[in-house]
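Residues per chain are reported as follows:
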Amino acid sequence: MERNTPEFRLRLNLFDGLVLILALAAAAVLLWMTLRPSAQTGEQAQESSVRYTVRFQRWPEGSASLIEEGDLLTDNIKNYELGRVVSYEAVPAEEKVLDNENRRYVQAEISGYEDVLVTVEAPCTESDKGFILDGGYELRVGVTTYIKGEGYMASGPVVSVEREG
């Protein structure tokens, strides 16, 4: 008794052939895009290091003792590395309040709280757009950062940036 198995034959109509050709072309383009070397853009990037200061706002008095020099800081949202703490300084916390008599805003101290100015040093890439820290974080003055260190989390604006030689 012989086996009666049909022989495999590939029959494609015009539509099936076009779909197959388009799928193969898309796969080839994707493969080429992932394997090609990255193109150099017009930006000239330079490797250097940067020192910047972040103002941790409204910490309860005495909380600055949690920070130690050498702490590794990371971004609390995307876990980018932000550098190591070089120094810190506790200053009285201030906010703008309305002076009703003179009808203007004035700076007033907040009792029981302090701001902590933390100076951080990190390797970075400098380009036409600004500083990009080693982990990929874009560093700009005035932007609020959300930071975690060893045993604490804080947020506050970047108040200054200095490029190291």
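Just so we're clear, the structure is a prediction, and the values are computed from it rather than from any experiment.

Chemist: So what exactly am I meant to see when it comes to the environment of Tyr105 here?
Modeler: On the secondary structure map, Tyr105 appears in strand 4 (residues 104-127). When the C-alpha positions of Tyr105 and Glu95 are compared, they lie 9.6 Å apart, and in sequence the two are ten residues distant. When sequence neighbours within four positions are dropped, the list of residues in contact with Tyr105 reads Lys96, Val97 and Leu98.

Chemist: Got a minute to help me understand the environment of Cys124 in this structure?
Modeler: Mapped onto the secondary structure, Cys124 falls in strand 4. Between the alpha carbons of Cys124 and Gln107 there is a distance of 35 Å; along the sequence they are 17 residues apart.

Chemist: What exactly am I supposed to notice about helix 1 (residues 14-35) here?
Modeler: Three- or four-residue spacings in an α-helix give side chains the same orientation, since the helix completes a turn every 3.6 residues. The end-to-end C-alpha distance of helix 1, which contains 22 residues, comes to 32 Å, matching closely the 32 Å that a straight helix rising 1.5 Å per residue would cover. A side-chain oxygen of the first residue of helix 1 lies 3.3 Å from the backbone nitrogen of Phe15; this N-cap is Asn13.

Chemist: Is there a simple way to think about the nonpolar core in this case?
Modeler: Soluble globular proteins: nonpolar side chains tend toward being buried together. Counting 23 residues, the largest nonpolar core has Tyr52, Phe56, Ile67, Leu73, Val118 and Leu133 as the members making the most contacts within it. If you list the elements that add at least two residues to this core, you get strand 1 (46-60), strand 3 (81-99), strand 4, strand 5 (130-133) and strand 8 (153-163). Beyond its immediate chain neighbours, meaning those up to four positions away, Tyr52 contacts Leu82, Val118, Thr119, Val120, Ala122, Leu133, Leu139, Val158, Ser160 and Val161.

Chemist: Looking at this model, I keep getting lost on the packing of aromatic side chains. Mind explaining?
Modeler: When we look at a pair of aromatic rings, we describe it by the centre distance and by the angle of the planes. What the rule picks out here adds up to three aromatic pairs. On the numbers, 5.5 Å between centres and 20° between planes, the contact of Phe56 with Trp59 is stacked. Comparing Phe56 with Trp59, the two get one shared label, buried. Taken together, the ring pairs in this structure connect Phe56, Trp59 and Tyr152 into an aromatic cluster. Its end group placed over the ring of Trp32, Arg36 keeps NZ or CZ at 5.1 Å from the ring centre.

Conventions used here
Residues numbered from 1 in each chain as written. Predicted model: local features only at pLDDT ≥ 70, side-chain atom pairs only at ≥ 80, totals over all residues. Heavy atoms only, no water. Helix = DSSP H or I, 4+ residues; strand = E, 2+ residues; numbered from the N terminus. Contact = heavy atoms within 4.5 Å. Expected span 1.5 Å × (residues − 1). Polar contact = N/O pair within 3.5 Å; in protein donor to acceptor, adjacent residues only side chain to side chain. Core = buried A, V, L, I, M, F, W, Y, C linked by side-chain atoms within 4.5 Å. Buried < 20%, exposed > 50% of the residue type's maximum accessible area, 1.4 Å probe, protein only. Phe/Tyr/Trp six-rings, centres within 6.5 Å; stacked < 30°, edge-to-face > 60°. Lys NZ or Arg CZ within 6 Å of the ring centre and 35° of its normal.

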